[in-house]
Amino acid sequence: MSNLPREPEFEQALNELTTSLEPFLAANPEYKKALDIVQVPERVIQFRVVWEDDQGQAQVNRGFRVQYNSALGPYKGGLRLHPSVNLSILKFLGFEQTFKNALTGLNMGGGKGGSDFDPKGKSDSEIRRFCNAFMLELYRHIGKDTDVPAGDIGTGAREIGFLFGAYKKLRNEFTGMLTGKGLNWGGSFIRPEATGYGVIYYVEHMIARACPEYSLTLPTTLVAISGSGNVAQFTALKVIELGATVLSLSDSKGSLIAEKGYTKEFVEEIAALKLRGGSLESLAETPGYKYYPGARPWTLLPQVHIALPGATQNEVSKEEAEALVAAGTRIVAEGSNMGCTEEAVAVFEASRKSGPKGLWYAPGKASNCGGVAVSGLEMAQNSQRLAWSTLEVDNKLKGIMTDCYKICETAGSKWSGEDLSGDVLPSLFSGANVAGFIKVADAMREQGDWW
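Quick look at the structure, then. All values reported here derive from a predicted model rather than from experimental measurement.

1. Remarks on the packing of helix α1 (residues 8–27) against helix α3 (residues 87–104)
And step 1. At a closest axis distance of 6 Å, the pairing of α1 and α3 adopts a crossing angle of 30°. Taken together, the axes of α1 and α3 are roughly parallel relative to one another. Contacts between α1 and α3 involve Pro8, Glu9, Phe10, Ala13, Leu14 and Leu17 from the first element and Ser88, Ile89, Lys91, Phe92, Phe95, Glu96 and Phe99 from the second.
And step 2. Taken together, the residues that form the contact of α1 with α3 break down as 9 nonpolar, 1 polar and 3 charged.

2. Details of the nonpolar core
And step 1. The biggest cluster of nonpolar side chains holds 60 residues, and the ones touching the most others in it are Tyr202, Val203, Tyr262 and Leu308.
And step 2. The greatest single-element share of this core, amounting to 10 residues, is contributed by helix α6 (residues 194–210).
And step 3. If sequence neighbours within four positions are ignored, Leu308 has contacts with Val199, Ile200, Val203, Val223, Ala224, Ile225, Ser226, Thr235, Trp298 and Ala333.
And step 4. Within the second largest apolar cluster, 33 residues are counted, among which are Phe10, Phe99, Met444 and Trp450.

3. Observations regarding the sheet that holds strand β10 (residues 306–308)
And step 1. The strand order β9-β8-β7-β6-β10-β11-β12 describes an open sheet built from 7 strands, whose pairing is mixed. Edge strands, defined here as strands with exactly one partner in the open sheet, are β9 (289–293) and β12 (360–362). Shown here is a sheet whose adjacent strand axes are inclined to one another by a mean of 15°, direction ignored.
And step 2. With 3 bridges connecting them, strand β6 (residues 222–225) and strand β7 (residues 245–251) associate as parallel partners. Counterpart to Ala224 in the pairing with β7 is Ser248.

4. Description of helix α7 (residues 230–242)
And step 1. Its 13 residues give α7 an end-to-end C-alpha distance of 18 Å, which sits within 8% of 18 Å, the value for a rise of 1.5 Å per residue.
And step 2. Burial analysis of α7 places 10 of its 13 residues in the buried class, the great majority of the element.
And step 3. By the burial criterion, the buried members of α7 are Val231, Ala232, Gln233, Phe234, Thr235, Ala236, Leu237, Lys238, Val239 and Ile240.
And step 4. Here the buried face of α7 lies against α6, β6, β7, α8 (264–275) and β10.
And step 5. Phi for Gly243, located one or two positions after α7, is positive at around 125°.

5. Observations regarding the state of the cysteines
And step 1. Considering all chains together, one arrives at 0 disulfides under this definition.
And step 2. Cys404 takes part in no disulfide bond, and the closest cysteine sulfur, belonging to Cys369, lies 3.9 Å away.

6. Description of the pattern of salt bridges
And step 1. Per the stated rule, a full pass over the model turns up 24 salt bridges.
And step 2. Between Arg129 and Asp54 there is a salt bridge; the shortest N-O distance is 2.5 Å. Taken together, the residues span a long stretch of sequence, with Arg129 in helix α4 (residues 124–138) and Asp54 in the loop between β1 (43–52) and β2 (58–69) at a distance of 75 residues.
And step 3. Residue classification places Asp54 among the partly exposed positions, given a relative accessible area of 42%.
And step 4. Of the charged contacts, one joins Lys181 and Glu378 as a salt bridge, the two residues approaching to 2.7 Å between their closest N and O atoms. On the criterion of sequence distance, the pair formed by Lys181 in the loop between α5 (157–171) and α6 and Glu378 in helix α12 (residues 370–384) is long-range, its members being 197 residues apart.
And step 5. Residue Lys181 is classed as buried on the basis of its relative accessible area, which comes to 7%.
And step 6. What you see here is one network of salt bridges that share partners, running through Glu349, Arg352, Lys353 and Glu418.

7. Re the packing of aromatic side chains
And step 1. As enumerated under the stated definition, the model contains 25 aromatic pairs in all.
And step 2. Geometrically, the ring pair formed by Phe24 and Trp415 is edge-to-face, given 5.0 Å between the ring centres and 90° between the ring planes. Taken as a pair, Phe24 in helix α1 and Trp415 in helix α13 (residues 390–415) lie far apart in primary sequence, 391 residues in all. Neither Phe24 nor Trp415 differs from the other in exposure class; each is buried.
And step 3. Within the aromatic cluster, the residues linked to one another by ring pairs are Phe24, Tyr31, Trp415, Phe437 and Trp450.
And step 4. Just above the ring of Phe10 sits the side chain of Lys91; from NZ or CZ to the centre is 4.4 Å.
And step 5. Against the face of Phe117 rests Lys122, its NZ or CZ located 5.1 Å from the ring centre.

8. As for the pairing of strand β5 (residues 147–150)
And step 1. Side chains Asp147 and Pro149 of β5 all project onto a buried face; the interleaved residues Val148 and Ala150 project onto the opposite face, where all are buried too.
And step 2. Where strand β3 (residues 75–81) and β5 come together, 4 bridges link them in parallel fashion. Residue pairing in the sheet places Gly78 in a bridge with Ala150 of β5.

9. Considering the sheet that holds β1
What links the strands of a sheet is backbone hydrogen bonding, and the strands pair in either a parallel or an antiparallel sense.
And step 1. Strand order in the open sheet formed by 5 strands is β1-β2-β4-β3-β5, with mixed pairing between adjacent strands. Looking at which strands have only one partner, the edges of the open sheet turn out to be β1 and β5. Each adjacent strand pair in this sheet contributes to an overall mean axis angle of 20°, direction not counted.
And step 2. Strand direction decides the pairing type here: β3 and strand β4 (residues 110–115), joined by 3 bridges, are parallel.

10. Focus on the pairing of β3
And step 1. Burial analysis of β3 places 7 of its 7 residues in the buried class, which makes it a mostly covered element.
And step 2. Each parallel crossover has a hand, and the one from β3 via α3 to β4 is right-handed.

11. With respect to unusual backbone geometry
And step 1. Even without a glycine there, the phi angle at Asn314 is positive, about 55°.
And step 2. Tracing the backbone shows Asn314 in the loop between β10 and α9 (318–326).
And step 3. Of note, the phi angle at Met338 is positive, near 50°, even though the residue is not glycine.
And step 4. Relative to the helices and strands, Met338 resides in the loop between β11 (331–333) and α10 (342–353).

Calculation criteria
- Residues numbered from 1 in each chain as written.
- Predicted model: local features only at pLDDT ≥ 70, side-chain atom pairs only at ≥ 80, totals over all residues.
- Heavy atoms only, no water.
- Axes fitted to C-alpha atoms, helices over the stretch in contact; angles between N-to-C directions.
- Helix = DSSP H or I, 4+ residues; strand = E, 2+ residues; numbered from the N terminus.
- Parallel < 35°, antiparallel > 145°, perpendicular 65-115°, else oblique.
- Contact = heavy atoms within 4.5 Å.
- Nonpolar A, V, L, I, M, F, W, Y, C, P; charged D, E, K, R; others polar.
- Core = buried A, V, L, I, M, F, W, Y, C linked by side-chain atoms within 4.5 Å.
- Buried < 20%, exposed > 50% of the residue type's maximum accessible area, 1.4 Å probe, protein only.
- Pairing = 2+ DSSP bridges.
- Expected span 1.5 Å × (residues − 1).
- Disulfide = S-S within 2.5 Å.
- Salt bridge = Lys/Arg side-chain N within 4 Å of Asp/Glu carboxyl O.
- Phe/Tyr/Trp six-rings, centres within 6.5 Å; stacked < 30°, edge-to-face > 60°.
- Lys NZ or Arg CZ within 6 Å of the ring centre and 35° of its normal.
- Right-handed = clockwise from strand over helix to strand, strands pointing away.

Set out below in structure tokens:
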């Protein structure tokens, strides 16, 4: 029995990594020590955040920063503002971030932070006062060469601006210690779009190998997307731009299914609605769309070719995974972090092993690394005091996602421990985990962190 408290999300992430590393560790047993060490964060910071609401009352929240691993560069990962935030969720996210950042090929370590503060229903003044109070402690632990946080759920452009302003006043320096900044003060083109666009750039490689008949340039290709925040919006817009049909978006209250496919204008309308703190429920009467309260999109669609979870962790269950397989889905790629439960991943991997027409699954640490990749490019631009054009950043993002896909495909072919005869596709799940782990573990060994 462990004397540590249960951390279900973190334990799930660790178990997924450990399971997929088994063939590699059997062939390279010395790396078992690296696994023991890499799973313990280098530093965990927890603090009290006291802020004043609009009635002049003192409110208190918990603030966190998990500085997981700095073997490859400064800690890098988002700040999540959501009532569900706890240490287990942030440890899982920081752990996943460590290997995700390794797959980008950029010099970034892994970290994650945030607070159980809920920005929904708060005034701009309350959010500003919370951000000032939060940064009053966090500023001691971050910096452009130490730890560079970014946005996440609940932390958008407004919050990043308030946090940056608070840090600047406290330290009397203008420096790239946050990413996701405004374009006029050190931000990068493509950063808001990067995670969603990156998912599609990764998926295009999967389609080219596994099912070119479902190219995203064809309107007959049916794409299911969950979520309606930043990631889901830009995933949907890129799919629509390329020419395929987006069937669904969702939020915490339900799913909105399109009879003939979403339009660019309607996705932009949803983006504006979300910025105001609204829900898809308010669009239930829109002609051509059907709203399903309390349901996720995966069981609502009779036919899906490509499914892209883009909301939050564990949003695809075993039953929903089976529904996707039954609906003829050929590709699932996560825009969210650990979007599928362990049981759902097992269903997808079993389908992949069934033959070349099986479902091919890509984990978030590979398919959604575009967001943090462009954060890394923002850091590079800040260091040079330069701003690259939209085209330059987009081309670099495409290159990073291509390299990430190739790394995962190669490692999956080599280290999945499977018989890939009969045109069975390699496991990108195993490939992403093994490739990310080897890169981090080797850097740690060279720096004396294990021997």
